[in-house]
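# Observations on the three-dimensional arrangement
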Amino acid sequence: AFSLFVKAKEVPAASRCPGGGEGVRWRCCRQAFEELPGIHRHVALHHSGDVGRQAGLGAGPAEAAGSPAGSAARPSGHSCGSPEISWTLPDTSHVSQEDLTSVIFFFVNILFLFAYLCHAVGSQVGDVLLYYCYCEVRDPEKLCAWQKALCQHLHLTGKVRVASEGINGTVGGSKVATSLYVKVMLSQPLFKNILCQEDFKSSAGGAHCFPDLRVGVFKEIVPMGIDPKIVSYKETGIHLSPQEFHREVEQYLSQATQGQSDTILLDCRNFYESKIGHFQGCLAPDIRKFSYFPSYVDENLELFKDKRVLMYCTGGIRCERGSAYLRSKAVCREVYQLKGGIHKYLEEFPDGFYRGKLFVFDDRYAICSNEDIISACRYCGVLWDQYKLCSSQHCRQLVLTCPSCCNKGLTACCPVCQEKELKVTSRASGQILKEECECTRRRPRVPIEPVSPRMLDTGK
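Described in the following lines is the structure provided in the data block. Remember, it's a predicted structure, so these values are computed and weren't measured experimentally. Within each chain, residues carry numbers counting from 1 in the order of the written sequence. At least 70 in pLDDT is required for a residue's local features to be given in this predicted model, at least 80 for side-chain atom pairs to be given and counted, and no such filter applies to totals for whole chains, interfaces and linings, which use all residues. To get the side-chain values, all heavy atoms of the structure are used, and hydrogens and water are removed first.

## Focus: the sheet that holds strand β12 (residues 334-338)
The strands making up a sheet associate through backbone hydrogen bonding, with each pair oriented either parallel or antiparallel. DSSP calls a pair of strands paired once it identifies at least 2 bridges connecting them. Numbered from the N terminus, helices here are DSSP runs of H or I no shorter than four residues, and strands are runs of E no shorter than two. Here we have 4 strands laid out as an open sheet, ordered β8-β12-β11-β9, and parallel in their pairing. The open sheet has two free edges, formed respectively by β8 (238-240) and β9 (263-267), since each of these has just one partner strand. The sheet shows a mean angle of 25° between the axes of neighbouring strands, taken without regard to direction. Bridge count between β8 and β12: 3 bridges; the pairing is parallel. The residue bridging Ile-238 from the neighbouring strand is Tyr-336, located in β12. Sheet strands in contact with helix α10 (residues 242-256) are β8, β9, β11 (308-312) and β12, and its direction is about 130° off that of β11. Each axis is a line fitted through C-alpha atoms, and for a helix only the stretch in contact is used; angles between axes span 0 to 180 degrees, taken between their N-to-C directions. By definition, residues are in contact when any of their heavy atoms lie within 4.5 Å.

## Section: unusual backbone geometry
Residues other than glycine seldom take positive phi values, yet His-155 does so here, at roughly 60°. Looking at where His-155 falls in the secondary structure, it is placed in the loop between α8 (140-153) and β4 (157-163). Assessed through its relative accessible area of 39%, His-155 is described here as partly exposed. A positive phi is found at Tyr-365, a non-glycine position, where the angle reads about 70°. Buried residues are those whose accessible area, probed at 1.4 Å on protein chains only, stays under 20% of the maximum for their type, while exposed residues exceed 50% and partly exposed ones sit between those limits.

## Observations concerning the nonpolar core
Working definition of a nonpolar core: buried Ala, Val, Leu, Ile, Met, Phe, Trp, Tyr and Cys residues. They are joined through side-chain atoms within 4.5 Å. Within the largest apolar cluster, 33 residues are counted, with the highest numbers of intra-cluster contacts made by Leu-266, Phe-293, Phe-304, Met-311 and Leu-326. Going through the elements one at a time, β3 (127-134), β9, α12 (293-299), α13 (301-304), β11 and α14 (317-328) are the ones with two or more residues in this core. It is α14 that contributes the most residues to this core, 5 residues altogether. All the domain ranges listed were derived from an automatic or database domain assignment. Each of domain 2 (125-217) and domain 3 (238-374) contributes no fewer than three residues to this core. In this structure Leu-326 touches Val-297, Phe-304, Val-309, Met-311, Cys-332 and Val-335, once residues within four positions along its chain are discounted. Of all hydrophobic cores here, the second largest spans 28 residues; its members include Cys-135, Leu-180, Tyr-181 and Val-215.

## Things to note about the packing of aromatic side chains
Any two of the Phe, Tyr and Trp rings considered here, Trp counted by its six-membered ring, make a pair once their centres fall within 6.5 Å; the pair's planes then place it as stacked at under 30 degrees, edge-to-face at over 60, or tilted in between. Under the defined criterion, the tally for this structure stands at 15 aromatic pairs. Taken together, a centroid distance of 6.5 Å and an interplanar angle of 75° make the contact between Phe-245 and Tyr-312 edge-to-face. Linking Phe-245 in helix α10 with Tyr-312 in strand β11, this pair joins segments that are 67 residues apart in sequence. With respect to class, Phe-245 is no different from Tyr-312; both count as buried. The ring of Phe-218 carries Arg-161 above its face, with NZ or CZ at 3.9 Å from the centroid. Of note, Arg-378 hangs over the ring of Tyr-379, and the distance from its end group to the ring centre comes to 5.3 Å. The rule for a charge over a ring is simple: NZ of Lys or CZ of Arg within 6 Å of the ring centre, and within 35 degrees of the ring normal.

## Concerning the pattern of salt bridges
Criterion for a salt bridge: a side-chain nitrogen of Lys or Arg within 4 Å of a carboxyl oxygen of Asp or Glu. Here the structure, examined in full by the defined rule, presents 17 salt bridges. The salt bridge partner of Asp-298 is Lys-329, with a shortest N-O separation of 3.3 Å. Of this pair, Asp-298 sits in helix α12 while Lys-329 sits in the loop between α14 and β12, placing them 31 residues apart in sequence. Look at Asp-298 and you get partly exposed, because its relative accessible area is 35%. The partly exposed category is assigned to Lys-329, whose relative accessible area is 29%. Salt bridges here are not isolated pairs; linked through shared partners, they connect Glu-165, Glu-220 and Arg-321.

## Digging into helix α9 (residues 175-187)
Compared with the 18 Å implied by 1.5 Å per residue over 13 residues, the 19 Å span of α9 between its first and last C-alpha is a close match. Within the span of α9, buried status applies to Ala-177, Thr-178, Leu-180, Tyr-181, Val-182, Val-184 and Met-185. Structurally, α9 contributes buried residues whose contacts are with β3, α8 and β5 (166-173). Expected span, for any helix, means 1.5 Å times one less than how many residues it has.

## Some details on the packing of α10 against helix α15 (residues 341-348)
α15 packs onto α10 with a crossing angle of 90° between their chain directions and a minimal axis gap of 9 Å. Taken together, the axis directions place α10 and α15 in an arrangement best described as roughly perpendicular. When α10 is examined against α15, the residues Pro-242, Gln-243 and His-246 are found in contact with a partner set consisting of Lys-344, Tyr-345 and Glu-348. Side-chain classes follow a simple rule in which Ala, Val, Leu, Ile, Met, Phe, Trp, Tyr, Cys and Pro form the nonpolar group, Asp, Glu, Lys and Arg form the charged group, and the remainder, Gly included, forms the polar group. The residue inventory of the contact of α10 with α15, partitioned by class, reads 2 nonpolar, 2 polar and 2 charged. Roughly parallel refers to an angle under 35 degrees, roughly antiparallel to one over 145, roughly perpendicular to one between 65 and 115, and oblique to any angle outside these ranges.

## A look at the sheet that holds β5
As summarised here, the arrangement of the 5 strands in space is β6-β3-β5-β4-β7, forming an open sheet in which the pairing is mixed. Whereas interior strands pair on both sides, the edge strands pair on one side only; in this sheet they are β6 (201-204) and β7 (213-217). Shown here is a sheet whose adjacent strand axes are inclined to one another by a mean of 10°, direction ignored. Relative to β5, β4 runs antiparallel, the two sharing 7 bridges. Residue pairing in the sheet places Lys-159 in a bridge with Thr-170 of β5. Along the sheet, α8 contacts β3, β4, β5 and β7; its crossing angle with β7, the most-contacted strand, is approximately 170°. Contacts between α14 and the sheet are confined to β3 and β5, with β3 contributing the most and set at about 30° to the helix.

## Regarding the pairing of β3
For β3, the tally of buried residues reaches 7 of 8 residues, placing the bulk of the element in the interior. In this structure, β3 lies alongside β5, joined through 8 bridges in antiparallel fashion. Within β5, the position partnered with Leu-130 by the bridge is Thr-170. As defined by bridge partners, β3 adjoins β6 across 4 bridges and the pair is classed as antiparallel. Looking at β6, one finds that Leu-130 is bridged to Lys-201.

Below you can see the structure in the form of structure tokens.
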């Protein structure tokens, strides 16, 4: 609606003559605009209400009548959604004009006006939601189409994976938009009595935390690389609340210092996640992808034999399939998992046994609840935990490099990439390709842990 409004103010090419101002491309409210940011700023400041009303015109009869969010009414042929979408978009008639304007104005700001300001006050402009729901989905394509329409309707960005086993998403937007999103998801009949308010993890952010919106249908809602029919989420481990998990970790650390523990505190995340933050005394596998986790378990079965395993991950979803796979091997005494993941744990224990930052898969890279820095600059060794992408375009891995080293030009993940960055700027075909660098070549795909008694020092 915003784009169409701006398009309507465009000056016809034939009318762009010296008499009317050769550089004038748009006219609105008796003002002439030569640059795109100028007309965008004007429309955002003075016509947000008009744009909002114009956006409302795209709704079908069901929406125009003010049908409740998440109702079972099907969109008519005139609806802005495709015929495949079986659920209506949320009704926004109850949202005040002020709040609705802030949604539109926010997006214009981050795109054209105040990107740097939005980054500085990210905690005040919106939220990022993280959630998942395992359930049987008969028509993943239909759910995908509805989910995409819903996110676009609320101006959300992020990533949503849909499969026959459920849905997994992380989306960002204004506080009004994310709140509406949660309400609609909870009222969706497919998720009724399965998904609840507590399943949504929220952190300060917004739509600017993601480059775009990606919604798709996949075989798994979390890529473990094993058919969900072979290892099902229904065979998961025992869920522990943050309070229960906290008590278990406390007991584990107490016993570990005396060398009497029969428990393994297992981090199910990738090495670059646990590198900047983890639970004290944990076993953090040196794996690059969650799809390597099954192989890691297979190669280290002796390690888990007759052990009580406490598993955790970011939001809980990797533990659902990971614990199911570990249980399928029938070597552990018990397998437990942290319900809601680190995200929920930090909400209740911001200064608990988890130290450092929590890695997130968006442009923020990490969120923090305590001031601990447990990682170091790749080059000089100074304490540092803020990731950047490797500056070598052929690699693009994450690297920890402090401002001082960045100023010296040390911005790649390893010497090999640093050298290639200087030599290789593009391919003959113009296509940028990923290559194996020193970092990945020297790291075993699946590390084998020593079975001999390990140091269980809580500071390790």
